[in-house]
Amino acid sequence: MQKGFVVAVKAVIVKENRVLVLQRSKEEMEQSYLNKYQKWDLPGGGVHFHEKSEDGLYREIWEETGLQVEIKNPISLFDVIKNQVHLCIFTYAAVWKSGEVCLSHEHEAFDWFTLEEVEESSMPHWLKRDILRAFVQINETKTNDT
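Structural notes, computed from the coordinates. Being a predicted model, the structure only gives us computed values, none of them experimental.

## Section: the pattern of salt bridges
Phase 1 of the analysis: As enumerated under the stated definition, the model contains nine salt bridges in all.
Phase 2 of the analysis: As a salt-bridge pair, E70 and K72 come within 3.0 Å of each other at their nearest N and O atoms.
Phase 3 of the analysis: Between E70 and K97 there is a salt bridge whose closest N-O contact spans 3.2 Å. One end of the pair, E70, is in strand β5 (residues 68-82); the other, K97, is in strand β6 (residues 85-98), with 27 residues separating them in the sequence.
Phase 4 of the analysis: Of the residues examined, K97 reaches a relative accessible area of 46% and is grouped as partly exposed.
Phase 5 of the analysis: Among the charged side chains, a network of salt bridges with common partners joins E51, R59, E60 and E63.

Reading the values: the criteria
- Residues numbered from 1 in each chain as written.
- Predicted model: local features only at pLDDT ≥ 70, side-chain atom pairs only at ≥ 80, totals over all residues.
- Heavy atoms only, no water.
- Salt bridge = Lys/Arg side-chain N within 4 Å of Asp/Glu carboxyl O.
- Helix = DSSP H or I, 4+ residues; strand = E, 2+ residues; numbered from the N terminus.
- Buried < 20%, exposed > 50% of the residue type's maximum accessible area, 1.4 Å probe, protein only.

See below:
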């Protein structure tokens, strides 16, 4: 089995007090390093060698959704070693700037959820936590800007 180190980035994209959540395709779930059964996802993916994390995140968001965003600060780090792979996932808050969602083959559906809808959903704890952190960060930024 091949050993490796993977850096990935994700974004909680907020648009008018709603957050973009994607549903992974069956093919994408089968190829997953960690969770072959979790359908919920955030836009993002692997960072290329010699690519800064934010540059990789802009690229991945564009490839997976066709959206233009403004990336804010990181909100979480997931660090795990499993199946001979060391995986670090950095999740950032982001604000939608323009575009309509146009999904890649990696996802089969999407929706824009309110914070209340997220809390009432069957999304995993880590996803709910990161969404809440993004809302807090973005709302703090708005408060400090006024």
